[in-house]
Amino acid sequence: MRVVCELEGAGVTLLQYRNKQNEDHILHDAKVMKIGATSALKLIMNDHPELAMSVGFDGVHVGQMDVSPAEARAIVGPGGIVGISTHNRAQLEAADTMPVDYIAIGPVFATASKLNPDPVVALEGVRQARALTSKPLVAIGGITMENARSVLDAGANSVAVISAMFGLGKDSAKIAKDFLSNFP
């Protein structure tokens, strides 16, 4: 709960909960996150739309192997947020026709947050994605303070960060504040 409060205090307005390591803790963690967040912080659950709604999250993010965006939309309703990850042109073109609020593209750079990441799309992949959709585009994979500007300049509306913000000894709230002050 402390981390959620600190991130919100740093200016974070959307936070996705992603737990691929220990699915037994998802419900507990989600409830704690919900307690720590005010209505100013939108909470997105990775992979589990039913669980997201049961704990009062604002939406869900699905991958290519999860429930379909149409199923997710039916569960979260018209006012909920639905996002989808894409990793190539065909997936992005398909996602553009789906009932999603945003499309994630990546990994833009090599990433350590996935055991078996998809091939890197690089900045050119972000540029191509931007040309293919008018929906908000979130760049994922290997985003850091040092490379975020180039990703935004390539056409992403926003960037998702995991390794750059979270980990042993990292001050996530300070890092978030730095990101937000450098990339408003």
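The structure displayed is predicted, hence computed values, not measured ones.

For the peptide bond that leads from Gly 106 to Pro 107, omega is 10 degrees, which places it in the cis range. By secondary structure assignment, the location of Pro 107 is in the loop between strand S5 (102–105) and helix H6 (122–132). Positive phi, close to 75 degrees, is recorded for Asp 47, a residue that is not glycine. Its identity is not glycine, yet Ala 122 carries a phi of approximately 65 degrees, on the positive side. Relative to the helices and strands, Ala 122 is located in helix H6.

Applying the stated criterion to the full structure yields one cavity of 30 Å³ or more. Of the volumes computed, that of the largest cavity is approximately 40 Å³. Its residues assigned to classes, the lining of the largest cavity comprises three nonpolar, three polar and three charged.

Glancing now at the nonpolar core. When a protein is soluble and globular, its nonpolar side chains tend to lie buried together. Membership of the largest hydrophobic core comes to 47 residues, with the highest contact counts inside it found for Met 45 and Phe 57. Per-element tally for this core: the top contributor is helix H8 (residues 172–182), with four residues. Once you skip the residues sitting within four places of it in the chain, Met 45 turns out to touch Tyr 17, Ile 26, Ala 30, Leu 51, Ala 52, Phe 57, Gly 59, Val 60 and His 61. Counting residues in each nonpolar core, the second largest holds six residues, with Ile 44, Tyr 102, Ala 104 and Val 138 among its members.

Here the structure, examined in full by the defined rule, presents six salt bridges. In this structure, Arg 89 engages Glu 93 in a salt bridge whose closest nitrogen and oxygen atoms are separated by 3.0 Å. Note that Arg 89 and Glu 93 are positioned in helix H5 (residues 89–96) at a spacing of four residues, about one turn of the helix. Classification of Glu 93 as partly exposed rests on a relative accessible area of 36%. Across the pair Asp 153 and Arg 149 runs a salt bridge whose closest N-O atoms are separated by 3.5 Å. Of the two residues, Asp 153 and Arg 149 both sit in helix H7 (residues 148–153), four residues apart, roughly one turn of that helix. Classification of Asp 153 by relative accessible area gives exposed; the value is 58%.

With that out of the way, let us pick up the sheet that holds strand S7 (residues 158–159). Sheet strands pair via backbone hydrogen bonds, and the direction of the pair is either parallel or antiparallel. Strands sit in the order S1-S2-S3-S4-S5-S6-S7 across an open sheet of seven strands; the sheet is parallel. With one partner strand each, in any of the chains shown, strand S1 (14–17) and S7 form the two edges of the open sheet. Note: strand S2 (residues 42–46) against strand S3 (residues 59–62), three bridges, orientation parallel. Looking at the pairing, Ile 44 lines up with Gly 59 of S3. Of the strands in this sheet, S3 and strand S4 (81–86) touch helix H4 (residues 69–76), which is tilted by about 160 degrees from S4.

Bringing the packing of aromatic side chains into the picture now. Scanning the entire structure with this criterion turns up one aromatic pair. Where Phe 179 meets Phe 183, the ring centres are 6.0 Å apart and the plane angle is 45 degrees; that geometry is what we call tilted. Given a relative accessible area of 8%, Phe 179 falls into the buried group.

Moving on, we get to the environment of Ser 54. Within the secondary structure layout, Ser 54 lies in helix H3 (residues 49–54). Look at Ser 54 and you get exposed, because its relative accessible area is 55%. On a C-alpha basis, the gap between Ser 54 and Ala 104 in space is 24 Å, while along the polypeptide they are 50 residues apart. Within the structure, Ser 54 has its side chain in polar contact with the backbone oxygen of Leu 51 (distance 2.9 Å).

Reading the values: the criteria
- Residues numbered from 1 in each chain as written.
- Predicted model: local features only at pLDDT ≥ 70, side-chain atom pairs only at ≥ 80, totals over all residues.
- Heavy atoms only, no water.
- Helix = DSSP H or I, 4+ residues; strand = E, 2+ residues; numbered from the N terminus.
- 1 Å grid on protein atoms, 1.4 Å probe; cavity = no way out; pocket = protein on both sides within 12 Å on 5 of 7 lines; lining within 4 Å.
- Points joined across faces, edges and corners; volume = space filled by probe spheres on them.
- Nonpolar A, V, L, I, M, F, W, Y, C, P; charged D, E, K, R; others polar.
- Core = buried A, V, L, I, M, F, W, Y, C linked by side-chain atoms within 4.5 Å.
- Buried < 20%, exposed > 50% of the residue type's maximum accessible area, 1.4 Å probe, protein only.
- Contact = heavy atoms within 4.5 Å.
- Salt bridge = Lys/Arg side-chain N within 4 Å of Asp/Glu carboxyl O.
- Pairing = 2+ DSSP bridges.
- Axes fitted to C-alpha atoms, helices over the stretch in contact; angles between N-to-C directions.
- Phe/Tyr/Trp six-rings, centres within 6.5 Å; stacked < 30°, edge-to-face > 60°.
- Polar contact = N/O pair within 3.5 Å; in protein donor to acceptor, adjacent residues only side chain to side chain.

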